[in-house]
Every structure is written in C-alpha cells, then in structure tokens.
Amino acid sequence: MSSAIALVDAGIEPLRVAVDSRDLISAAGVTHLLKSSPRVRVVSDRAEAHVLLAVVNELCAQQAARLKAIAAPRVVVIAARVHDLTPSIAAQAGLAAPVRRADVNTERLERLLLGGQPVKEAPSVLSDRDLQLLRLLAEGATIAEVAQRLFCSERTVKYALHQVLERFGLRNRVHAVAWAIRSGLL
C-alpha cells in the first residue's frame, strides 16, 4: 500500500479521485455524487489522483489498454454494459472487473474507491425486459417460447435470466418468479 493511500485510510486526508469519461454528462454525474463525500475529493489532474475512476459505456480491449497505460496507482471502471467477456478483458489489462453503472450509488461508489469490494445489492426495480421475462416464466413458458415471444434467441433469454439470478442472489427460475411475486413485481 502506498503511503498516500495509508494517509487516506487513517482519515488524515481525503482520497483524491480523477474522473475519466468521454461522456460529459456521466462525468458530471459521478463528480456530483463524489462531492457529497468528505472522504473523497475530485481532482482534475490525474497526476495528483490516488484513483482514476473511468466511466465507460462498454469496456473493450483498446479502452482497457489505454486505462492501464495511464499512470494511476489504481483504476476503477464503471461500465454501462457488462458482458460475459468484460471481466476477461479487464483482467488481461490488469484491471479489476468493472462495476455496472446501474448498480452504483454514492455509498457503493465511495466504498469501491476506498478499496472495498462493491456491494452486491439488488436494485429496487427490474427493467421492463426483465419483467417480461419473469411474467412469461410465471405463465409456464419454456425458454424457447420466451425467446419466440420476445423476438430474441434462446441464448439471450438464458443470459438475461442469469443476470437477474445473479443480481438478486436467486437460485433458479422458479425462485426468481416466486421472489418477483412476493415482491409485488408480478
């Protein structure tokens, strides 16, 4: 651990974070979230930063290599879309796996930047597509029938179901449907 990070951990100085995003609205939103934290200070100069916070739509190999080339003690990536290959792309560049932008709030972001693991909490609302998937499963539709009704492949349905199971800590599709009904979502 660097001595600068040790000072942050001891509470002597706030963690200096530089935000890297080609999307000005995302950068402004993340900066606004961080300004409310007494433990974090947003800086414009990357050389002063303890952590570089990169906000991307989707992490590709070129972006991962660019982020790794930036001389920052630590790089944290938030991505709008995280796919099956995203953790592998990050690992090949020596970066930690990106966190989904939809799963980030002020508390989780602060914990992530300060070196803690991101909290895997369920967002309070499912997307419309997730709700359609669960409704069809609740009606007894098979994966093939769900794919046909949603105009996508069976693989896409399986991936979407897997994402819902992972996000909410559910065991299988029956558990997912039961949880959605108990939660009043269906």
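Position numbers for residues count from 1 along each chain, tracking the sequence in the order it is written. Local features in this predicted model are restricted to residues of pLDDT 70 or higher, and side-chain atom pairs are both shown and tallied only at a pLDDT of 80 or more, whereas totals for entire chains, interfaces and linings draw on every residue. The side-chain quantities take in all heavy atoms of the structure and omit both hydrogens and water.

### Section: the overall build of the protein
Regarding its fold elements, the protein presents 9 helices and 5 strands. Only protein chains enter the area calculation, which uses a 1.4 Å probe; residues under 20% of their type maximum are buried, those over 50% are exposed, and those in between are partly exposed. Counting across all 186 residues of the protein, residues that qualify as buried make up 39%. In what follows, residue pairs with any heavy atoms lying within 4.5 Å of each other are defined as contacts. Long-range contacts, defined as pairs at least 24 residues apart, comprise 56% of the intrachain contacts of the protein with a sequence gap of at least 6. Areas reported as accessible are Shrake-Rupley estimates using a 1.4 Å probe. Residue values count occlusion only from the protein chains shown. Of the roughly 10700 Å² of accessible surface on the protein, a fraction of 53% belongs to carbon and sulfur atoms. Per the convention used, a helix needs a DSSP run of H or I reaching at least four residues, while a strand needs a run of E reaching at least two, with both numbered from the N terminus.

### Re the nonpolar core
Nonpolar core, defined: a set of buried Ala, Val, Leu, Ile, Met, Phe, Trp, Tyr and Cys residues in which side-chain atoms within 4.5 Å join the residues together. Counting residues in each nonpolar core, the largest one holds 21 residues, and the members touching the most others are Leu126, Leu134, Leu137, Val146 and Leu170. Those elements that provide at least two residues to this core are α6 (128-138), α7 (143-150), α8 (154-168) and α9 (173-182). Excluding its chain neighbours within four sequence positions, the residues that come into contact with Leu126 are Leu131, Leu134, Val164, Arg167, Phe168, Trp179 and Leu185.

### As for α9
Regarding α9, the residues found buried are His175, Ala176, Val177, Trp179 and Ala180. Residues of α9 that are buried in the fold lie against α6 and α8. The residue sitting at the N-terminus of α9 and contributing the capping side-chain oxygen is Asn172; that oxygen lies 3.2 Å from the backbone nitrogen of Val174. A positive backbone phi angle near 80° is found at Gly184, which sits one or two residues after α9. A 3.5 Å cut-off defines polar contacts: any pair of N or O atoms within that distance qualifies, except that in protein one atom must be a possible hydrogen donor and the other a possible acceptor, and neighbouring residues in sequence count only when both atoms are side-chain atoms.

### A short note on the environment of Ala49
The residue Ala49 is located in the loop between β2 (40-42) and β3 (51-58) in this model. C-alpha of Ala49 to C-alpha of Arg74: the two residues are 25 residues apart in sequence and 9.0 Å apart in space. Beyond its immediate sequence surroundings of up to four residues, Ala49 is in contact with Arg16, Val17, Ala18, Val43 and Pro73.

### Some remarks on α8
By definition here, a helix of n residues has an expected span of 1.5 Å times n minus one. The end-to-end C-alpha distance of α8 is 21 Å, a good match for the 21 Å that 15 residues give at a rise of 1.5 Å each. Residues of α8 that are buried include every one of Val157, Leu161, Val164, Leu165, Arg167 and Phe168, and no others. Of the surrounding secondary structure, the elements contacted by the buried residues of α8 are β5 (99-100), α6, α7 and α9. In the segment just after α8, Gly169 is the residue with positive phi, at about 65°.

### Things to note about the pattern of salt bridges
We count a salt bridge whenever a side-chain nitrogen from Lys or Arg sits within 4 Å of a carboxyl oxygen from Asp or Glu. Under the defined criterion, the tally for this structure stands at 8 salt bridges. The closest approach of N and O atoms between Asp20 and Arg66, which form a salt bridge, is 3.0 Å. Linking Asp20 in strand β1 (residues 15-20) with Arg66 in helix α3 (residues 61-69), this pair joins segments that are 46 residues apart in sequence. Between Arg111 and Glu107 there is a salt bridge, with its nearest N and O atoms 3.2 Å apart. Remark: Glu107 and Arg111 occur in helix α5 (residues 106-113); sequence separation between them is 4 residues, near one turn of the helix. Salt bridges here are not isolated pairs; linked through shared partners, they connect Asp20, Arg46 and Arg66.

### Brief notes about the side chain of Thr31
Relative to the helices and strands, Thr31 is located in helix α2 (residues 24-35). Once residues lying within four places of it in the same chain are set aside, the contact partners of Thr31 are Val19 and Val42.

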